Amino acid sequence: MNNLISAQDAINAMQVGKTVLCRSIGGLLDFDELSQFPATVFFTGDHEFCIKIDEITINGYTFLKPFSLDELSEGQDVFLLGNAGSILKGQFIPEYDELVSAVKNGSVQRDFENAQKQAKAIHSLLGINNDLILKVVDFQEFMKPVSKSKKVNRKKIEASEPTVEQEIVEDINSSKITIIEQGPIHVVEDSLVSDVAIENNESKDDEQYQNDLNDLVDRARKASIPVEANALVRYTRSWTEEQRKPLMQAIHARLVELDELNKTKNDEPPSLMVQIQNAVDLTELDALEIDVAGRHQDIQPKLMSYVIKRRKELESMS
């Protein structure tokens, strides 16, 4: 157990119906039910407590209940159930939508042992009996950037607060502030920051803005799902409504197109299934596994069968 809580938190947890376990600090015994301890354990300071995590049993495999979002914090180690042959270990990133979806769908475990048991339980339902391996990954690498060629521009677009230090020289003759160098902001008067922000916004390079806009509009036109198109707005938090207007029009147009495509392609396989079938290598297939874990549990087995099939095809080609 690693979800240690204080004695007061233990009492509060008991009051809302949670099962609390206890053990002596530094002792050799594992956590046990509170019924095995005297009531004074809450006040002696020589015991530690934790909340008992519920267990799930499927086809004879018993494992701890997967993580829920309220249990996770950024940077915490998580174990994502991948395909029939791997479990992905990495750190939780709340900005990674697919990983968050996987947590909501019960596909993210607390440790490798319980991830193995849960994976084997699911595989047993599919008639699969494969060994599992642990892969250490950086989930940050699976997050889609705006564009490699626009990397610097994207950082500027994403900034919702000033992130540059401005060494400022006042032109006494014109009584205007000129920015001559940039670096991290430390301390400056609020009124001065406001004046500099206004001046900087007024002198914004039109070509830079146009490049950023073109990049986002192009992504909007190529968006494969509505969520991907709508997410582009977050890169324009520092823009004015007038600057944002062309992008909003492009997003709206793409949403209309996607709606029409959905109406005319009801009999076609899901786009993720097509991506799996056309994966060009194992690296791309690993990334698609994460997308599978983020889908509804009812369709995960079917998608996983395509992942397994494509993996065997790619391995036979190598």
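What this report covers is the structure whose coordinates are included nearby. Because the structure is predicted, anything quoted here is derived from the model rather than measured.

What counts and what doesn't
Residues numbered from 1 in each chain as written. Predicted model: local features only at pLDDT ≥ 70, side-chain atom pairs only at ≥ 80, totals over all residues. Heavy atoms only, no water. Helix = DSSP H or I, 4+ residues; strand = E, 2+ residues; numbered from the N terminus. Buried < 20%, exposed > 50% of the residue type's maximum accessible area, 1.4 Å probe, protein only. Contact = heavy atoms within 4.5 Å. Areas by Shrake-Rupley, 256 points an atom, 1.4 Å probe, with all protein chains shown as cover. Salt bridge = Lys/Arg side-chain N within 4 Å of Asp/Glu carboxyl O. Phe/Tyr/Trp six-rings, centres within 6.5 Å; stacked < 30°, edge-to-face > 60°. Core = buried A, V, L, I, M, F, W, Y, C linked by side-chain atoms within 4.5 Å. Axes fitted to C-alpha atoms, helices over the stretch in contact; angles between N-to-C directions. Parallel < 35°, antiparallel > 145°, perpendicular 65-115°, else oblique. Nonpolar A, V, L, I, M, F, W, Y, C, P; charged D, E, K, R; others polar. Disulfide = S-S within 2.5 Å.

A word on the overall build of the chain
Working step 1: Each helix and strand counted, the chain has twelve helices and twelve strands in total.
Working step 2: For the chain, the residues scored as buried account for 32% of the 318 residues in total.
Working step 3: Considering only residue pairs separated by 6 or more positions, the chain has 58% of its internal contacts joining residues 24 or more positions apart.
Working step 4: A total of about 19,900 Å² of accessible surface is found on the chain, and carbon and sulfur atoms cover 50% of it.

With respect to the pattern of salt bridges
Side chains that differ in sign of charge can pair as their charged atoms come close.
Working step 1: Tallied over the full model, the rule gives twelve salt bridges.
Working step 2: Linking Glu257 and Arg254 is a salt bridge whose minimum nitrogen-to-oxygen distance equals 2.8 Å. Of this pair, Glu257 and Arg254 both sit in helix α9 (residues 241-264), three residues apart, which is roughly one turn of the helix.
Working step 3: In this structure Arg254 comes out as buried when scored by relative accessible area, which is 13%.
Working step 4: Residue Arg310 pairs with Glu313 through a salt bridge whose shortest N-O separation is 2.9 Å. Of this pair, Arg310 and Glu313 both sit in helix α12 (residues 300-317), three residues apart, which is roughly one turn of that helix.
Working step 5: Accessibility expressed as a relative area gives 14% for Arg310, which makes it buried.
Working step 6: Each of Lys135, Asp286, Glu289 and Arg311 takes part in salt bridges that share partners, so that together they form one network.

Some words on the packing of aromatic side chains
Working step 1: What the rule picks out here adds up to four aromatic pairs.
Working step 2: Here Phe42 and Phe43 contribute two aromatic rings whose centre-to-centre distance is 6.4 Å and whose plane-to-plane angle is 70°, an arrangement assigned as edge-to-face.
Working step 3: Judged by its relative accessible area of 18%, Phe42 falls in the buried class.
Working step 4: In this structure Phe43 comes out as exposed when scored by relative accessible area, which is 68%.
Working step 5: Ring-pair connections join several aromatic residues into one group, and the members of that group are Phe42, Phe43 and Phe49.

Regarding the nonpolar core
Working step 1: Counting 16 residues, the largest nonpolar core has Val78, Leu80, Phe92, Leu99, Val108 and Phe139 as the members making the most contacts within it.
Working step 2: Looking at this core, the elements with two or more residues in it are β7 (77-81), α3 (97-104) and α11 (282-293).
Working step 3: At four residues, the largest contribution of residues to this core is made by α3.
Working step 4: When residues no more than four places from it in sequence are discounted, the contact partners of Leu99 are Leu80, Gln91, Phe92, Ile93, Val108 and Phe139.
Working step 5: Counting 13 residues, the second largest nonpolar core, distinct from the first, contains Tyr209, Ala223, Leu247 and Ala250.

Points about the packing of α11 against α12
Working step 1: Look at α11 against α12: their axes get within 10 Å of each other, and the N-to-C directions meet at 175°. Accordingly, the angle class assigned to the pair α11 and α12 is roughly antiparallel. When α11 is examined against α12, the residues Leu282, Leu285, Asp286, Glu289, Val292 and Ala293 are found in contact with a partner set consisting of Gln300, Leu303, Met304, Val307, Arg310, Arg311, Leu314 and Glu315.
Working step 2: By residue class, the composition of the contact of α11 with α12 is eight nonpolar, one polar and five charged.

Comments concerning the state of the cysteines
Working step 1: Counted under the stated rule, the structure contains zero disulfides.
Working step 2: Left unpaired, Cys50 is separated from the closest cysteine sulfur, that of Cys22, by 8.9 Å.

Just distances and angles here, no functional claims.
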